[in-house]
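Single-letter residue listing:
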Amino acid sequence: MGVSDDLTAAAGHVAGLRRAVTALSKELGNTIDVQRLRDDVVRLADDVDLVARGAGVGSQNRAGAPGEIVFITDEEYDPSLWSDAEDEGVGPSRGH
């Protein structure tokens, strides 16, 4: 197995971990232990990406690489994030 194959396998295993942690989060809730595990999986994905880039394998552009799985939590966003947003096609809120 070459470096590219090994990195592809590692990325696949990390993706499997990510799916398992997502399932655990749904079953166990967003506990501190699940959050830590999720953070560890994100770190592993970043580390595999760093090794791949260092080896000259894969995309040199980290954000939005083709085929990349991006972990997005199901947690609610902070409402203040949307405080000055406009609804598409409706325009700004006029009651404030």
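Keep in mind that what you see is a predicted model, and the values were worked out from it rather than measured.

**Remarks on the overall build of the protein**
Each helix and strand counted, the protein has 2 helices and 0 strands in total. Relative to its full complement of 96 residues, the protein shows a buried share of 16%. Sequence-distant contacts, at least 24 apart, represent 61% of the contacts inside the protein between residues at least 6 apart. For the protein, the computed accessible surface area is about 7,500 Å², with 55% contributed by carbon and sulfur atoms.

**Topic: the nonpolar core**
Counting residues in hydrophobic clusters, the biggest one holds 7 residues: L7, V14, V21, V41, A45, V48 and A52. At the level of elements, α1 (3-28) and α2 (32-54) are the ones that each hand at least two residues to this core. The element best represented in this core is α2, accounting for 4 residues. The residues touching V41, leaving out its near neighbours within four places in the chain, are V14, L17, R18 and V21.

**Here's the deal with the pattern of salt bridges**
Evaluation of the coordinates by the stated rule reveals 2 salt bridges. A salt bridge links R43 to D47; its shortest N-O distance comes to 3.2 Å. Here R43 and its partner D47 are both found in helix α2, 4 residues apart, which amounts to about one turn of the helix. R43 sits in the partly exposed class, given a relative accessible area of 43%. Across the pair R53 and D49 runs a salt bridge, and its minimum N-O distance is 3.0 Å. Residue R53 and its partner D49 are located together in helix α2, separated by 4 residues, close to a single helical turn. The partly exposed category is assigned to R53, whose relative accessible area is 28%.

**Looking at α1**
Between its terminal C-alpha atoms α1 stretches 36 Å, which fits the 38 Å expected from 26 residues at 1.5 Å a residue. Residues of α1 that are buried include every one of L7, V14, A15, R18, V21 and S25, and no others. A positive backbone phi angle near 90° is found at G29, which sits one or two residues after α1.

**Topic: α2**
Over its 23 residues, α2 extends 33 Å from the first C-alpha to the last, a length consistent with the 33 Å expected when each residue adds 1.5 Å. Within α2 the residues assigned to the buried category are V34, R38, V41, A45, V48, D49 and A52. Those residues of α2 that are buried lie in contact with α1.

Parameters at a glance
Residues numbered from 1 in each chain as written. Predicted model: local features only at pLDDT ≥ 70, side-chain atom pairs only at ≥ 80, totals over all residues. Heavy atoms only, no water. Helix = DSSP H or I, 4+ residues; strand = E, 2+ residues; numbered from the N terminus. Buried < 20%, exposed > 50% of the residue type's maximum accessible area, 1.4 Å probe, protein only. Contact = heavy atoms within 4.5 Å. Areas by Shrake-Rupley, 256 points an atom, 1.4 Å probe, with all protein chains shown as cover. Core = buried A, V, L, I, M, F, W, Y, C linked by side-chain atoms within 4.5 Å. Salt bridge = Lys/Arg side-chain N within 4 Å of Asp/Glu carboxyl O. Expected span 1.5 Å × (residues − 1).

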